[in-house]
Amino acid sequence: MNVNQSAPPVPPFGQPQPVYPGYHQSSYGGQPGPTAPHIPYGAYNGPVPGYQQTPPQGVSRAPPSSGPPPASTAQAACGQAAYAQLGQGDVQNGPSSTVQMQRLPGSQPFGSPLAPVVSQPAVLQPYGPPPTSAQVTAQLAGMQISGAAAPAPPPSGLGYGPPTSLASASGSFPNSGLYGSYPQGQAPPLSQTQGHPGVQPPQRSALPLASSFTPPSSGGPRMPSMTGPLLPGQGFGGPPVSQPNHVSSPPPQALPPGTQMTGAPGPPPPMHSPQQPGYQLQQNGSFGPARGPQPNYGSPYPGAPAFGSQPGPPQPLPPKRLDPDAIPSPASPYVVDHGESGPLRCNRCKAYMCPFMQFVEGGRRFQCCFCSCVNDVPPQYFQHLDHTGKRVDAYDRPELSLGSYEFLATVDYCKNNKFPSPPAFIFMIDVSYNAIRTGLVRLLCEELKSLLDFLPREGGAEESAVRVGFVTYNKVLHFYNVKSSLAQPQMMVVSDVADVFVPLLDGFLVNVNESRAVITSLLDQIPEMFADTRETETVFAPVIQAGMEALKAAECAGKLFLFHTSLPIAEAPGKLKNRDDRKLINTDKEKTLFQPQTGAYQTLAKECVAQGCCVDLFLFPNQYVDVATLSVVPQLTGGSVYKYACFQAENDQERFLSDLRRDVQKVVGFDAVMRVRTSTGIRAVDFFGAFYMSNTTDVELAGLDGDKTVTVEFKHDDRLNEESGALLQCALLYTSCAGQRRLRIHNLALNCCTQLADLYRNCETDTLINYMAKFAYRGVLNSPVKTVRDSLITQCAQILACYRKNCASPSSAGQLILPECMKLLPVYLNCVLKSDVLQPGAEVTTDDRAYVRQLVTSMDVAETNVFFYPRLLPLTKSPIESTTEPPAVRASEERLSSGDIYLLENGLNLFLWVGASVQQGVVQSLFSVASFSQITSGLSVLPVLDNPLSKKVRGLIDSLRAQRSRYMKLIVVKQEDKLEMLFKHFLVEDKSLSGGASYVDFLCHMHKEIRQLLS
């Protein structure tokens, strides 16, 4: 549910502009306000140096044509900023908007919007007169995602049948009739009215002439142009039958034998890439688009070329005006302190003060924008209104002018009416035989000596307030007293794992700087103490129980870092057995592989959440460890799971240490509760992510960080007003790293529409796929995988059939017509259906499937985008001196040239594929060997060589790793080597070994499903 934003009303003339750099800001909360620094908003609770940040989002309004996604439900990722899923400069698959709206100043919260400017031909009118509200309701009812339409029985065998041969047919282009011939087994060409200039984002300077752009030589689904030159193989003639808002394709027919194929391939699906140009995100209710313009989409940016609109002179940029909303916001949200009275809220619905509350009666009362209740304004908060009905101090108060801000919470918001203590980190290290043998324990202890200097800290604090403790375990637990007054650490053993207790309080959780000498001594001794151990059995649940009891005894929240190597088979609560059974795959019992073995871990997770105890789990398995069960506690407490199969210190240490450093250093909120409030007409009905819910409204998170996303599904269940739109407020109550109780508020305003076509014009494929994947991955817990796959296909077919039936111009049933914003929905959906969770190959283990399932549950939109459709980057085609990322090509084997080198990444994996015919000089420059045959297959580190190509490739790899939340280990793959099968698993447009359809086959299958629904 990503929407575009427009400027709030212009401040009245003569009103001070308080937050310009260098100008003093009027005070609020009794403190003189700071001036605004020139830095964008940071990620959750402030940025971690060296990591990419996602700016929170301001109050926003969509274009007047926006609305909830298909199925009358919309979804948003909250939890971080309201735009949590999208990094600065990201690119999306649906247009960010077709309109940049400005709201008129006025006393009402929403002025009448100005007429939108839509980039499409004025002559073509594919839509009839506006339907009545009853018609729209009927249309929406007919497109419920959970609708009762029965899925069509798939063909026998593969499920989609053999690749279909297709013949040329008339395309739907203005001034151009016939397609040329195209490849046997190729998908119906997707024709649409908006042309594409190639893979690179267009320049913002001026509209290109029709003759100036040529189809790229490699890329994704073919995107014919509306006003540009004819594509190769395209003939003249035939009436123009194109529509501005849809993609059509000819019917599949057989090609005559021996027909040659022509035609230029298009670009791959646009990817979220921080490298793309874009406007700076501003956190204020009016910000420029967060993502740069992209090929194939009308441009919503002022002065940018609108590809697909009629050629014309460049649009002039809007005149500059003094507007506090145009100033970049600070690195982390403003913190507002209202003193003992606490934040101002609505008496009825408990919504927090925000820019959309309307002040009445001269400022003495305010009307809630969520429930319309009129509330009194406390005397200390009173301020006069100006001639527009706006408070004269509106721009001095973050809660009246910004979309995201924080309140300092009063003692009423704290447990037991007592302010919290600073949180603690407890490191719990498995010292069984497996952990010692692989070198894990020694490596970890060495790293912790230096890593403890980088614990998260609040603002400009000199040292972190976080305290630390240490536990080691195998069949029993060892606690360590590291009090600063001791000369040597003391060990205390707890052997009664059935009823765990904490043997010491004083000296267990300590300040790092005060106890540094004792901690260093302990970390030196642990590898020596257990060097000769022969103990192979481990416990697991009692370890978490002990950590939680320690935090409870210290009366603080915190995080447990667990380093674990094997299935916990020792006699203790939470003991597990090996239940790995591949025979269950594709049976009704397959769902049991994803369910926890025992309910003990869910009970334990519930206790952890109540205490504010978050668990991060680092797994180092050599065989089955039942990730589905072990990950229950991290999943429900807002923690993370990291998995390093067959860990060897010398090969995997860089990946493990990089993940550990990031995990320990990142800023975390503890003991959090999140609630989403909405205005009348929509309501939050479902939540996806790593959290626990004890009721239907409150999302409880023992820990929350910037790498976690909460996806919320909203249901449209009452009449919406086009003038007032729909409002959302996400409120998160949490304890900061310094032990301060805070409320973070995000506000979002959405426009509503009555035209179904407007809804389809503004939907976002990326967000839809993020939601569908999470919905399906949760579904496998309770339903057979085949049922989940069929329901996804039916959902998608219903969405596209609804568009065809209600929005598209009448045309031949043999044409596949897709909405402009959804032309990539089939390719992405096929990737989800072929993923390891829903269609595993023979080499995918049960643990791998459970690991990926819980990982995707917390991913944001940008992460799921690249995870399901990996980026394939050719390295030798762009000039060596170029510093930009090479344009991606489609993830298909036919795009690989044996004379090139390619990088493939999906956020977790990183492959360098080397063709067998690569020039000798390139091999020498990159690998420092004389020929292709001498390259070591499986190499994970490129040699550091002083030449331009080596520097460029290593720089690109570093840049890709910096964009991702987890370290991607490099694997060098040679053409026709045994590792190539693993690499080909990620070429998602091809038919997979596990039986997944190719993109072409799936498109034909979707076309058949849509035709069945329409008939």
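Visitor: Provide a residue-level description of the overall build of the chain, including the pertinent values.
Guide: If you tally the helices and strands in the chain, you get 20 helices and 30 strands. Within the chain, the fraction of its 1015 residues that count as buried is 60%. Within the chain, residue pairs in contact and separated by at least 24 positions form 77% of the contacts whose partners lie at least 6 positions apart. For the chain, the computed accessible surface area is about 38,000 Å², with 53% contributed by carbon and sulfur atoms.

Visitor: Break down the sheet that holds strand β29 (residues 909–914) for me, with residues and values.
Guide: Within a sheet, neighbouring strands are paired by backbone hydrogen bonds and run either parallel or antiparallel to one another. Strand order in the open sheet made by the four strands is β27-β28-β29-β30, with mixed pairing throughout. Pairing within the sheet leaves two strands with one partner each, and these edge strands are β27 (871–874) and β30 (969–974). The sheet shows a mean angle of 20° between the axes of neighbouring strands, taken without regard to direction.

Visitor: Could you give an account of the packing of helix α4 (residues 440–451) against helix α5 (residues 516–529), with specific residues and numbers?
Guide: Relative to each other, α4 and α5 sit at 170°, their axes nearing to 8 Å. It follows that α4 is roughly antiparallel to α5 by the angle criterion. Here V441, R442, C445, E446, L448 and K449 of α4 lie close against α5, whose contacting residues are R516, T520, L523, D524, I526, P527 and E528. Within the contact of α4 with α5, the residues separate by chemical class into six nonpolar, one polar and six charged.

Visitor: With reference to specific residues and values, describe the pairing of strand β17 (residues 558–564).
Guide: Counting buried positions over the seven residues of β17 gives seven, a clear majority of the element. Of the two faces of β17, the one lined by G558, L560, L562 and H564 and the one lined by K559, F561 and F563 are each fully buried. Two strands pair when backbone bridges link them, and strand β13 (residues 424–430) and β17 are joined in this way by six bridges, in the parallel orientation. Within the sheet, the bridge partner assigned to I429 lies in β17 and is F563. Two elements, β17 and strand β18 (residues 613–619), share seven bridges in a ladder whose sense is parallel. In the sheet register, H564 faces β18, and the bridge partner there is L619. Between the parallel elements β17 and β18, the chain passes through helix α7 (residues 600–611) in a crossover that is right-handed.

Visitor: Requested: an account of the packing of aromatic side chains, with residues and values cited.
Guide: Within this structure, the stated rule accounts for 30 aromatic pairs. An angle of 15° between the planes, with centres 5.3 Å apart, marks the rings of F620 and Y644 as stacked. A residue pair is termed long-range when its members are at least 10 positions apart, and F620 in the loop between β18 and α8 (627–630) and Y644 in the loop between β19 (641–643) and α10 (649–665) qualify at 24 residues. Of the two residues, F620 and Y644, both sit in the buried class. Plain terms: the ring middles of W913 and F983 are 6.3 Å apart, the flat faces sit at 15° to each other, and that makes the pair stacked. Taken together, the residues W913 in strand β29 and F983 in helix α19 (residues 980–984) connect sequence positions 70 residues apart. By the burial criterion, W913 is buried, and F983 matches it.

Visitor: I'd love a proper account of the sheet that holds strand β10 (residues 365–367), names of residues and values included.
Guide: With respect to topology, three strands assemble into an open sheet ordered β9-β10-β11, the strand pairing being antiparallel. The sheet is open, and its two borders are formed by β9 (358–360) and β11 (374–376), each paired with just one other strand. Averaged over all neighbouring strand pairs, the angle between strand axes comes to 35°, with direction disregarded.

Visitor: Could you give me a rundown of the environment of P879, with the residues and numbers involved?
Guide: By the element assignment, P879 lies in the loop between β27 and β28 (901–905). Since its relative accessible area comes to 45%, P879 is described here as partly exposed. As a C-alpha pair, P879 and L949 span 70 residues in sequence and 9.6 Å in three-dimensional space.

Visitor: So what's going on with the state of the cysteines? Residues and values would help.
Guide: The full count for this structure, using the stated rule, is zero disulfides. Left unpaired, C608 is separated from the closest cysteine sulfur, that of C613, by 4.1 Å. A residue is classified by how much of its surface remains accessible, and C608, at 0% relative accessible area, is buried.

Visitor: An account of α5 is needed here, citing residue identities and associated values.
Guide: Given a rise of 1.5 Å per residue, 14 residues ought to cover 20 Å, and the 20 Å separating the end C-alpha atoms of α5 matches this to within 8%. Of the positions making up α5, those classed as buried are V518, I519, S521, L522, L523, I526 and P527. Here the buried face of α5 lies against α4, β14 (467–473) and β15 (477–481).

Visitor: Describe the pattern of salt bridges, naming the residues involved and giving the relevant values.
Guide: Side-chain pairs of opposite charge can arise where the charged atoms are in close proximity. As enumerated under the stated definition, the model contains 42 salt bridges in all. For the salt bridge of K575 with E571, the shortest nitrogen-to-oxygen distance reads 2.4 Å. With a closest N to O distance of 2.9 Å, K823 and E820 form a salt bridge. With respect to class, K823 is no different from E820; both count as buried. A single network of salt bridges, built from pairs that share partners, joins R662, D663, K666, D705, D707 and K708.

Visitor: Got a sec to walk through the environment of V468? Specific residues and values, please.
Guide: You can see V468 is positioned in strand β14. Considered as a pair, V468 and I426 are 42 residues apart in the sequence and their alpha carbons are 5.6 Å apart. Setting aside chain neighbours within four positions, we find V468 in contact with F425, F427, L452, L455, F508, L509, V510, V512 and I519.

Visitor: How would you explain the nonpolar core if you had to name every residue and give the values?
Guide: Formed by 105 residues in total, the largest nonpolar core has its most connected members in L562 and L838. Once you skip the residues sitting within four places of it in the chain, L562 turns out to touch M428, Y473, F540, V543, I544, V615, D616, L617 and F618.

Visitor: Describe the confidence of the model for the chain, naming the residues involved and giving the relevant values.
Guide: Taken as a whole, the chain shows an average pLDDT of 76; of its residues, 67% reach a score of 70 or greater. Here residues 140–265 scores under 50 on pLDDT; set against residues more than four positions off or in separate chains, the count is 353 contacts.

Visitor: So what's going on with helix α6 (residues 541–553)? Which residues, and what values?
Guide: Here α6 is 13 residues long and its end C-alpha atoms lie 18 Å apart, about the 18 Å a rise of 1.5 Å per residue gives. Residues of α6 that are buried: A541, P542, V543, I544, A546, G547, M548, A550 and L551. The positive-phi residue at the C-terminal boundary of α6 is E555, with phi of around 55°.

Visitor: Outline the packing of helix α14 (residues 825–833) against helix α20 (residues 999–1014), supporting the account with residue identities and numerical values.
Guide: Closest axis-to-axis distance for the α14/α20 pair is 10 Å, and the angle between their directions is 110°. Considering the angle they form, α14 stands roughly perpendicular to α20. Facing α14, whose interface residues are P826, V827, L829, N830 and L833, α20 presents Y999, F1002 and L1003. When its residues are assigned to classes, the contact of α14 with α20 shows seven nonpolar, one polar and no charged.

Visitor: Any chance you could break down the side chain of R579 for me, citing the residues and the numbers?
Guide: Inspection of the secondary structure puts R579 in the loop between β17 and α7. Classification of R579 by relative accessible area gives buried; the value is 19%. Engagement of the side chain of R579 in a polar contact is seen with the backbone oxygen of T592, the distance being 2.8 Å. Beyond its immediate sequence surroundings of up to four residues, R579 is in contact with T592, L593, Q595, P596, Q597, Y624, D626, A628 and T629.

Visitor: Tell me about the pairing of strand β24 (residues 726–735), residues and numbers included.
Guide: β24 sits mainly inside the fold: ten of its ten residues count as buried. Burial along β24 is two-sided: the face carrying A726, L728, C730, L732 and Y734 and the face carrying L727, Q729, A731, L733 and T735 are both buried. Pairing of strand β20 (residues 668–678) with β24, which is carried by seven bridges, proceeds in the antiparallel orientation. By the bridge assignment for β24, R677 is matched with Q729. Pairing of β24 with strand β25 (residues 741–750), which is carried by ten bridges, proceeds in the antiparallel orientation. What sits directly across from L728, in β25, is L748. Joining the antiparallel neighbours β24 and β25 is a turn of five residues, in which G739 adopts a positive phi near 90°.

What counts as what
Residues numbered from 1 in each chain as written. Predicted model: local features only at pLDDT ≥ 70, side-chain atom pairs only at ≥ 80, totals over all residues. Heavy atoms only, no water. Helix = DSSP H or I, 4+ residues; strand = E, 2+ residues; numbered from the N terminus. Buried < 20%, exposed > 50% of the residue type's maximum accessible area, 1.4 Å probe, protein only. Contact = heavy atoms within 4.5 Å. Areas by Shrake-Rupley, 256 points an atom, 1.4 Å probe, with all protein chains shown as cover. Pairing = 2+ DSSP bridges. Axes fitted to C-alpha atoms, helices over the stretch in contact; angles between N-to-C directions. Parallel < 35°, antiparallel > 145°, perpendicular 65-115°, else oblique. Nonpolar A, V, L, I, M, F, W, Y, C, P; charged D, E, K, R; others polar. Right-handed = clockwise from strand over helix to strand, strands pointing away. Phe/Tyr/Trp six-rings, centres within 6.5 Å; stacked < 30°, edge-to-face > 60°. Disulfide = S-S within 2.5 Å. Expected span 1.5 Å × (residues − 1). Salt bridge = Lys/Arg side-chain N within 4 Å of Asp/Glu carboxyl O. Core = buried A, V, L, I, M, F, W, Y, C linked by side-chain atoms within 4.5 Å. pLDDT = per-residue confidence, 0-100. Polar contact = N/O pair within 3.5 Å; in protein donor to acceptor, adjacent residues only side chain to side chain.

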